[in-house]
Number of protein chains: 2
Amino acid sequence: MIGRLNHVAIATADLEKSAAVYRDLLGAKVSAPHALPEHGVTVVFVELPNTKIELLQPLGDKSPIAAYLEKSPSGGMHHVCYEVDDIAAARDKLAAAGARVLGDIKIGAHGKPVVFLHPKDFVGTLVELEQA
Amino acid sequence: MIGRLNHVAIATADLEKSAAVYRDLLGAKVSAPHALPEHGVTVVFVELPNTKIELLQPLGDKSPIAAYLEKSPSGGMHHVCYEVDDIAAARDKLAAAGARVLGDIKIGAHGKPVVFLHPKDFVGTLVELEQA
């Protein structure tokens, strides 16, 4: 069912400093910051040859990563995103197997349908599925 | 400097159950367990089209992931591994810039030279560099 690893999301309270770590220390290709107010984050894309790292900073007062940063103020890995061909079929299969799907399918930060899966059912890892 | 994302490592106290999550729920290609006593883990490789997820379970009483699982008994994302061309040059560049390099370059689980970097200097994320 799952295909490519679309991205690894890393939460940070200081996007500029974190982007500099990837750009200046690790020598990666790093985008300008993109504000995504409808998703409650500002994102910097770290482009690797085979996938992306997304550095996420909270935006607004209902950011989905605010709680994470309260627990882990220095940031850290927030979720992984796997691609699927058919997100409704994936959601239905997982729900039928008893896995906890978090909310409805929505349009994600890349303009494609996404859904999140509960960490407790996926090896302690928040998983995003994105219809590729 | 960094190239491909070689793998994302996910720690688990129950490798069989975690492998089943990826194989049966998420429909991924999952290897048999490999015991790596010299690295203190047993690993299952989840093969995605563009990278790997490595599910790690502690092996022996000096496992490098034991402390992580004490804090997070249900498991979770443990580190990311980026490929570099020249690991000694990468280590020297990072150390000269003041980043904390954890210990010496060693031979890692794939038989290649690796070194770990301190999460506090890398956006709260434990980073492994592997000479590809």
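Residues numbered from 1 in each chain as written. Chains lettered and ligands numbered in written order. Predicted model: local features only at pLDDT ≥ 70, side-chain atom pairs only at ≥ 80, totals over all residues. Heavy atoms only, no water.

This part is about the relation of the copies chain A and chain B. For the pair chain A and chain B, the best superposition has an RMSD of 0.0 Å and corresponds to a rotation of 180 degrees with a translation of 0.0 Å parallel to the axis. Both copies of the chain, as the preceding transformation shows, are related through a two-fold rotation axis. By C-alpha distance to the rotation axis, the residue of chain A lying nearest is N50 of chain A, at 3.0 Å. A high fraction, 100%, of the interface residues of chain A reappear at the interface in chain B, so the copies pair face to face through one surface. (Least-squares fit on C-alpha atoms with pLDDT ≥ 70 in both. Contact = heavy atoms within 4.5 Å.)

Backbone geometry at V123 of chain A places phi at a positive 55 degrees, although glycine is not the residue there. Looking at V123 of chain A, the relative accessible area reads 7%, which means it is buried. (Buried < 20%, exposed > 50% of the residue type's maximum accessible area, 1.4 Å probe, protein only.)

All of the buried residues along helix α1 (residues 15-25) of chain A are L15, S18, A19, A20, V21, Y22 and L25 of chain A. The inward-facing, buried residues of α1 of chain A abut β1 (5-11), β2 (29-30), β4 (41-47) and β5 (52-58) of chain A together with β6 (76-84) and α3 (87-96) of chain B. Immediately downstream of α1 of chain A, the backbone of G27 of chain A shows phi near 65 degrees, a positive value. (Helix = DSSP H or I, 4+ residues; strand = E, 2+ residues; numbered from the N terminus.)

All right, on to the environment of G60 of chain B then. Among the secondary structure elements, G60 of chain B is positioned in the loop between β5 (52-58) and α2 (66-71). Here the alpha-carbon distance between G60 of chain B and E38 of chain B, two residues 22 residues apart in the chain, equals 9.4 Å.

Moving on to the nonpolar core. With 61 residues, the main nonpolar core has Y22, Y82 and L129 of chain A together with Y82 and L129 of chain B as its most contacted residues. Not counting residues within four places of it along the chain, the set of residues in contact with L129 of chain A comprises I2, Y82, V84, I87, A90, L94, P113, V114, V115 and L117 of chain A. (Core = buried A, V, L, I, M, F, W, Y, C linked by side-chain atoms within 4.5 Å.)

Inspection of the entire model under this criterion finds two aromatic pairs over all chains. Centre to centre, the rings of Y22 of chain A and Y82 of chain B are 6.0 Å apart; their planes meet at 85 degrees, and the pair counts as edge-to-face. Taken together, the residues Y22 of chain A in helix α1 and Y82 of chain B in strand β6 connect one chain to another. Neither Y22 of chain A nor Y82 of chain B differs from the other in exposure class; each is buried. (Phe/Tyr/Trp six-rings, centres within 6.5 Å; stacked < 30°, edge-to-face > 60°.)

Our focus in this paragraph is the side chain of N50 of chain B. Within the secondary structure, N50 of chain B is located in the loop between β4 (41-47) and β5. With a relative accessible area of 8%, N50 of chain B lands in the buried category. The residues contacting N50 of chain B, other than those within four sequence positions of it, are R4, L5, N50 and T51 of chain A together with R4 of chain B.

According to UniProt, the positions carrying the feature "domain: VOC" (unreviewed entry) are residues 4-132 of chain A. For residues 4-132 of chain A, the helix share is 21%, the strand share is 40%, and the end-to-end C-alpha distance is 9 Å. (UniProt positions renumbered as here; feature names shortened; annotations may be inferred.)

Residue and element names in this part refer to chain A. Judged by how many residues are buried, strand β7 (residues 101-107) sits mostly at the surface: zero of seven residues are covered. Note: β7 against strand β8 (residues 113-117), four bridges, orientation antiparallel. The partner of V101 across the bridge, within β8, is L117. In textbook terms, the turn of a hairpin is the stretch between consecutive antiparallel strands, and for β7 and β8 this stretch comprises five residues, one of which, G111, has a positive phi near 80 degrees. (Pairing = 2+ DSSP bridges.)

Before going further, it helps to spend a moment on the pattern of salt bridges. Residue and element names in this part refer to chain B. According to the stated counting rule, one finds ten salt bridges over all chains in the structure shown. Note that E83 and R4 form a salt bridge whose closest N and O atoms lie 2.9 Å from each other. Placement of E83 in strand β6 and of R4 in the segment before β1 (5-11) is noted, with a sequence separation of 79 residues between them. Of the residues examined, R4 reaches a relative accessible area of 32% and is grouped as partly exposed. The salt bridge partner of D92 is R91, with a shortest N-O separation of 2.8 Å. (Salt bridge = Lys/Arg side-chain N within 4 Å of Asp/Glu carboxyl O.)

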